[in-house]
Amino acid sequence: MRDDEVARLLLAWYDIHARVMPWRVSPQDRAAGVTPDPYRVWLSEVMLQQTTVAAVRGYFRRFTELWPSVQALAGAEDGAVMGEWAGLGYYARARNLLACARVVVADHGGQFPDTEAGLRALPGVGAYTAAAVAAIAFDRAAAVVDGNVERVMARLHAVTEELPGAKGALVTLAGRHTPQARPGDYAQAVMDLGATICTPRNPACGICPVNGLCAARAQGIAAELPRKARKAAKSVRQGRVWVVVRPDGGLLLEQRPAKGLLGGMLGFPGDGWDGFGQDMPPVQADWHEAGEVRHIFTHIDLRLTVMVGRVEGPALRGQFLPPETPLPTLMDKARALALAQLEANLGVKGGHDEPSPSAD
DNA sequence: AAAGCGTGGTA
DNA sequence: TTACCAAGCTT
């Protein structure tokens, strides 16, 4: 096939079927001269790393309402940004997001670099994100390769080598198809195709705009590609956390270490299940077992026993924060279980007085 | 360079 | 339930 034939067909398809998203400029608007806001493009790309569009929408809206510009985000407090990110996962992204915003403001006059290499040097910006922002925000002919593009290329060219070994070949193929004209629309077109038609399972080859050029379809192996190496089994881990509730409803929370699991986020004191803490409650109390939370991380199958206790005095570690403080999902599950137990078995509701955020 | 790092949806 | 998967980056 001629390399540019794929781009021509995908752009024509995208002109009709482009998905509408809050961070995206439609192909029609772009043709009329509207240019995307690099800040919004970058923010969306970071949020979308290993994360579905559906999960990102609400977070993107809240972030852009709170911090409409890179200058605003750079001036935000760390805790506020981590709190807004709570629940989205991969928290290193949030730390890098803030670091990146501050570098852009401090070292680049508040303007994102407009080249792939310049972008690649920013915290949290890897090969994919640099290419995506360069293409989408600045119309650079960068080869944008995410999981969708890998899949589309593997099928189009019937690449049967396993990932990640095949990555290099797929990047080369992707670069060959990237057009000089409308590279930003093209990148989004391939990703839309991968998300809606050239899907991992049951690809809709019958309605694919490039089905006539697809080698895997010709061989009847489209659904089997790309091949991937089996992933390592998860390790099973058991642990315990203590949820301390003050009379005003305040919860005892600790800031977790900056690196590692749930790095930089708030969490309940634990027994060392994560490598931190001691096998001892943070305060003396009448402890009740609220139950067990099961949480599956990328590499750990965790069962966490949740203990709950009411206390009036100060604690040895951590600080009391309002009961609605944003928490990562694991800790949110533990909180829900603990408060339900408190209400059901002890006849106590979450809080009576105004919760005070003061540290003890 | 293989492993570590979240979460929610789907088959 | 299990397994896989989603617009990956860092060390």
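Residues numbered from 1 in each chain as written. Chains lettered and ligands numbered in written order. Predicted model: local features only at pLDDT ≥ 70, side-chain atom pairs only at ≥ 80, totals over all residues. Heavy atoms only, no water.

Named according to an unreviewed UniProt entry, chain A is Adenine DNA glycosylase originating from Neogemmobacter tilapiae. If you open the UniProt record of chain A and go to Sequence similarities (unreviewed entry), you find "Belongs to the Nth/MutY family." (UniProt positions renumbered as here; feature names shortened; annotations may be inferred.)

Kindly report on the protein's contact with DNA strand B, identifying the contributing residues and their values.
Taken together, 18 residues lie around DNA strand B, and Leu 262, His 295, Thr 298, His 299 and Thr 329 are the ones closest in. Counted by atom, the contact set of DNA strand B within 4 Å of the protein is 61% sugar and phosphate. Note that a base nitrogen of DNA strand B is positioned 2.4 Å from one of the side-chain N or O atoms of Thr 298. The separation between a phosphate oxygen of DNA strand B and a polar main-chain atom of Thr 329 is 2.7 Å. Of all the elements in the fold, those that place two or more residues in the surface near DNA strand B are β4 (288-296) and α14 (329-346). Of the residues contributing to the surface near DNA strand B, the split by class is nine nonpolar, nine polar and no charged. (Near = heavy atom within 4 Å. Polar contact = N/O pair within 3.5 Å; in protein donor to acceptor, adjacent residues only side chain to side chain. Helix = DSSP H or I, 4+ residues; strand = E, 2+ residues; numbered from the N terminus. Nonpolar A, V, L, I, M, F, W, Y, C, P; charged D, E, K, R; others polar.)

Let's hear about helix α9 (residues 127-138): which residues, and what values?
Its twelve residues give α9 an end-to-end C-alpha distance of 16 Å, which sits within 8% of 16 Å, the value for a rise of 1.5 Å per residue. Most of α9 is tucked away, with ten of its twelve residues classed as buried. All of the buried residues in α9 are Tyr 128, Thr 129, Ala 130, Ala 131, Ala 132, Val 133, Ala 134, Ala 135, Ile 136 and Ala 137. Among the structural elements, α2 (27-31), α3 (38-47), α8 (116-120) and α12 (183-196) are those in contact with the buried residues of α9. The positive-phi residue at the C-terminal boundary of α9 is Asp 139, with phi of around 50 degrees. (Expected span 1.5 Å × (residues − 1). Buried < 20%, exposed > 50% of the residue type's maximum accessible area, 1.4 Å probe, protein only. Contact = heavy atoms within 4.5 Å.)

Before we move on, can you summarise the UniProt feature "domain: HhH-GPD" (unreviewed entry) in chain A with the specific residues and values?
When the UniProt feature table is mapped onto this chain numbering, "domain: HhH-GPD" (unreviewed entry) sits at residues 47-196. The annotated region residues 47-196 carries 65% helix and 0% strand content, and the separation between its end C-alpha atoms amounts to 20 Å.

Break down the packing of helix α1 (residues 3-17) against α12 for me, with residues and values.
Look at α1 against α12: their axes get within 9 Å of each other, and the N-to-C directions meet at 75 degrees. Here α1 lies roughly perpendicular to α12, going by the angle between them. Contacts between α1 and α12 involve Ala 7, Leu 10, Leu 11, Trp 13, Tyr 14 and His 17 from the former and Asp 185, Tyr 186, Gln 188, Ala 189, Val 190, Asp 192, Leu 193 and Thr 196 from the latter. The residue makeup of the contact of α1 with α12, split by class, is nine nonpolar, three polar and two charged. (Axes fitted to C-alpha atoms, helices over the stretch in contact; angles between N-to-C directions. Parallel < 35°, antiparallel > 145°, perpendicular 65-115°, else oblique.)

A description of the protein's contact with DNA strand C should follow, citing residues and the corresponding values.
Taken together, 28 residues lie near DNA strand C, and Glu 45, Gly 124, Asp 146, Asn 148 and Arg 151 sit nearest. Per the 4 Å cut-off to the protein, sugar and phosphate atoms form 69% of the nearby atoms of DNA strand C. Gly 126 places a main-chain nitrogen or oxygen 2.9 Å from a phosphate oxygen of DNA strand C. In the model, a phosphate oxygen of DNA strand C is placed 3.3 Å from a nitrogen or oxygen of the Gly 147 main chain. Counting residues per element, the ones that place at least two in the surface near DNA strand C are α9 and α10 (147-156).

Hey, could you go over the packing of α3 against helix α4 (residues 53-66) for me, with residue numbers and the actual values?
Interhelical geometry of α3 versus α4 gives an angle of 140 degrees and a closest axis separation of 10 Å. Comparing their axes, α4 and α3 come out oblique. In the packing of α3 onto α4, the handedness of the crossing is right-handed. Contacts between α3 and α4 involve Arg 40, Leu 43, Ser 44 and Met 47 from the first element and Val 56, Tyr 59, Phe 60, Phe 63 and Thr 64 from the second. Residue composition of the contact of α3 with α4, by class: six nonpolar, two polar and one charged. (Left-handed = near helix turned anticlockwise from the far one by under 90°.)

Tell me about the domain arrangement of chain A, and please be specific about residues and values.
Each assigned domain of chain A is listed here: domain 1 (3-224) and domain 2 (235-346). For domain 1 and domain 2, the distance between their C-alpha centroids amounts to 36 Å. Counting residues at the interface gives seven residues for domain 1, matched by eleven residues for domain 2. When the two sides are added together, the surface that domain 1 and domain 2 hide from each other amounts to roughly 640 Å², 61% of it contributed by carbon and sulfur. If you sort the residues of domain 1 by the area they bury against domain 2, Met 82, Tyr 91 and Arg 95 come out on top, with a joint share of 59%. Here domain 1 is connected to domain 2 by zero salt bridges. (Domains from an automatic or database assignment. Buried area = accessible area lost by both parts, 1.4 Å probe. Salt bridge = Lys/Arg side-chain N within 4 Å of Asp/Glu carboxyl O.)

Residue-level account of the environment of Ala 7, with values.
With respect to the helices and strands, Ala 7 occurs in helix α1. Note: C-alpha distance between Ala 7 and His 157 (150 residues apart in sequence) is 14 Å. If near-sequence neighbours (up to four positions away) are discounted, Ala 7 is found in contact with His 177, Pro 179 and Tyr 186.

Could you give an account of the environment of Pro 123, with specific residues and numbers?
Within the fold, Pro 123 resides in the loop between α8 and α9. Note on Pro 123: relative accessible area 25%, which makes it partly exposed. In the structure, Pro 123 is positioned 59 residues away from Thr 64 in sequence and 20 Å away in space, judged by C-alpha atoms. Not counting residues within four places of it along the chain, the set of residues in contact with Pro 123 comprises Asn 96, Ala 99, Cys 100 and Val 103.

Talk me through the packing of aromatic side chains; I want residue IDs and the actual numbers.
For any two aromatic rings, the description comes down to two numbers: the centre-to-centre distance and the angle of the planes. Tallied over the full model, the rule gives five aromatic pairs. Aromatic pair Tyr 39 and Trp 42: ring centres 5.9 Å apart, planes at 40 degrees, arrangement tilted. A residue pair is termed a helical-turn pair when its members lie 3 or 4 positions apart in one helix, as Tyr 39 and Trp 42 do in helix α3 at three residues. Here Tyr 39 matches Trp 42 in class, with each residue buried. (Phe/Tyr/Trp six-rings, centres within 6.5 Å; stacked < 30°, edge-to-face > 60°.)

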